[in-house]
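# Chain and residue survey
Spelled out, the chains give:
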Amino acid sequence: MSDLKIELKNTNIEDKEIMAYKDQVAKIHKELYLNADDEEEFLGWLKLPTDYDKEEFARIKKVAEKVKNDSDVLVVIGIGGSYLGARVVIEAMNSPFVNSIPDDKARNPKIVFVGNNLNPDYINDVINFIGDRDLSINVISKSGTTTEPAIAFRIFREFLENKYGLAEARSRIYVTTDKEKGALKKLSETEGYETFVIPDNVGGRYSVLTAVGLLPIAVAGINIDKLMLGALYAQNKYADDNLKYNDCYKYAVARNILYTRKKNIELLVDYDPRLHYFIEWWKQLYGESEGKNLKGIFPAGVEFTTDLHSMGQYIQEGKRTLFETVLNIEKSRTDIIIKNDEDNLDGLNYLVGKTLDYVNKKAMEATIEAHVDGDVPNILISMEKLDEENLGQLIYFFELACAMSGKILGVNPFNQPGVEAYKKNMFRLLGKPGYENK
């Protein structure tokens, strides 16, 4: 495993500007670690790669093997942090066409996600996709009453009970929820579902390295030991409170400096479609953590070179409120050599002998150069290859950087009071008891 590398040369930020935050960063770092073991703080993720529940971890792997043996499909029910983290790793480590592999040739169950929207067509499409296949359910919810996953669980629990009967359905439902309280915990005790714990001191968007993410990831055949090893490497690497030696904190500081320069929209950029859901996870992580008190950098994402043909014009010449953080995977898993065509009608023979990954990298370099020239500052984060260990490292990097960045900004990066506003209106419009006049 190699270190993540961060480059700030295209931000127009001088080293002395970064180091001006040295004392503030050291103070925040010490406060974070001082409170890391406090059950009242949402900092359990900080030492998770070291302090995770080893017994539960072993049980996750055991249950994953059971699901692999008795199911063709795992239905993961959750929303926000209850599904995005798992989807990040599953999508990044697998082919985008993994669910199209015939069942008799598939090495692992197909993973499908529900409870992340309220669209009936989507739910029915999932039911049609399952068809006669054998399935299990992993429902993930701290309370069990969040509207989207609660509705989905009601639908798919009935589907499972009608298919297998009550007794076998119970053996195919796995619940990840609060260790002591909540509607889903109570139901699990009544029905005898096997349960896993969402730690009290780990918020949803920081929960991918708990059972919330690890169970679906393991069922997908991905090595969760290596994922945790990568996160542990990052935990150790970024435990230094000295800003001079901590690239994770340099990223947090750099984005805050850019924010003071009116660059209040950050585009996370990838050049590999497998990172699509990493961008979605990152958007939630930073949006929920920093968007408070009329503050915060708006987190958005683009996928190049695809979006260069749709968003490229605005990025190059639109309103100058943007900066980019580019994720660079130095080595692709596979490659294609461009061959000679005698007719050369497409004019591509100048590329003969070059690899597609080489062309992709040159497109990245050219885009960075153009955008920087167009006053779009650029932060480059590089990893040697996209595998479980580097992905675990990258997840922890962004979690820790988010905590530091939010603290520098002056907000609490671990709560999300604003997400309740729409719920009150929705419950009132739906006629939920107790919300008639709210």
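For the structure, check the block above.
Our subject in this report is the structure included herewith. (Residues numbered from 1 in each chain as written. Predicted model: local features only at pLDDT ≥ 70, side-chain atom pairs only at ≥ 80, totals over all residues. Heavy atoms only, no water.)

### Focus on the nonpolar core
Under the convention used in this document: Nonpolar cores were defined as sets of buried Ala, Val, Leu, Ile, Met, Phe, Trp, Tyr and Cys residues, with membership established by side-chain atoms within 4.5 Å. Three labels apply to residues, based on accessible area from a 1.4 Å probe with only protein chains included: buried if under 20% of the type maximum, exposed if over 50%, partly exposed otherwise in between. Put simply, DSSP marks the helices as runs of H or I at least four residues long and the strands as runs of E at least two long, and each gets a number from the N terminus on. Any pair of residues with heavy atoms lying within 4.5 Å of one another is described as a contacting pair.
Core analysis: the biggest nonpolar cluster contains 94 residues, and Val89, Tyr251, Phe278 and Phe398 have the highest contact counts within it. A per-element tally of this core places helix α16 (residues 388-409) first, with 12 residues. Leave out the neighbours within four places in its chain, and Val89 touches Val208, Ile217, Ile222, Leu227, Leu391 and Ile395. Listed in part, the 21 residues of the second largest apolar core include Val75, Ala152, Tyr164 and Val175.

### Some thoughts on the pattern of salt bridges
Convention followed: One side-chain nitrogen of Lys or Arg within 4 Å of one carboxyl oxygen of Asp or Glu is enough to make a salt bridge.
Counted according to the given criterion, the structure contains 36 salt bridges. Its salt-bridge partner being Glu14, residue Lys16 comes within 3.7 Å of it at the nearest N-O pair. When the shortest N-O distance is used, the salt bridge between Asp272 and Arg274 registers 2.5 Å. By the burial criterion, Asp272 is buried, and Arg274 matches it. Members of the salt-bridge network, linked through shared partners, are Lys66, Asp70, Glu168 and Arg172.

### Considerations on unusual backbone geometry
Residues Phe304 and Thr305 are joined by a peptide bond in cis, for which omega reads 15°. With respect to the helices, strands and loops of the structure, Thr305 is situated in the loop between β8 (298-303) and α14 (312-317).

### Quick notes on the packing of helix α12 (residues 247-260) against α16
The description of two helices packed together rests on the angle between their axes and the distance between the axes. Just so we agree on the cut-off: Throughout, an axis means a line fitted to C-alpha atoms (over the contacting stretch in the case of helices), and angles, computed between N-to-C directions, take values from 0 to 180 degrees. Every angle not falling under 35 degrees, over 145, or within 65 to 115 is termed oblique; those three ranges are roughly parallel, roughly antiparallel and roughly perpendicular. The crossing is said to be left-handed when, going from far helix to near helix, the turn is anticlockwise and less than a right angle, and right-handed when the turn is clockwise. Residues are grouped as follows: Ala, Val, Leu, Ile, Met, Phe, Trp, Tyr, Cys and Pro are nonpolar; Asp, Glu, Lys and Arg are charged; all remaining types, including Gly, are polar.
Closest axis-to-axis distance for the α12/α16 pair is 8 Å, and the angle between their directions is 45°. Here α12 lies oblique to α16, going by the angle between them. In the crossing of α12 with α16, the sense of the turn from one axis to the other is right-handed. Side by side, α12 and α16 meet where Asp247, Cys248, Tyr249, Tyr251, Ala252, Val253, Arg255, Asn256 and Tyr259 of the first sit next to Phe397, Phe398, Leu400, Ala401, Met404, Ser405, Ile408 and Leu409 of the second. Residues of the contact of α12 with α16, tallied by class, amount to 13 nonpolar, 2 polar and 2 charged.

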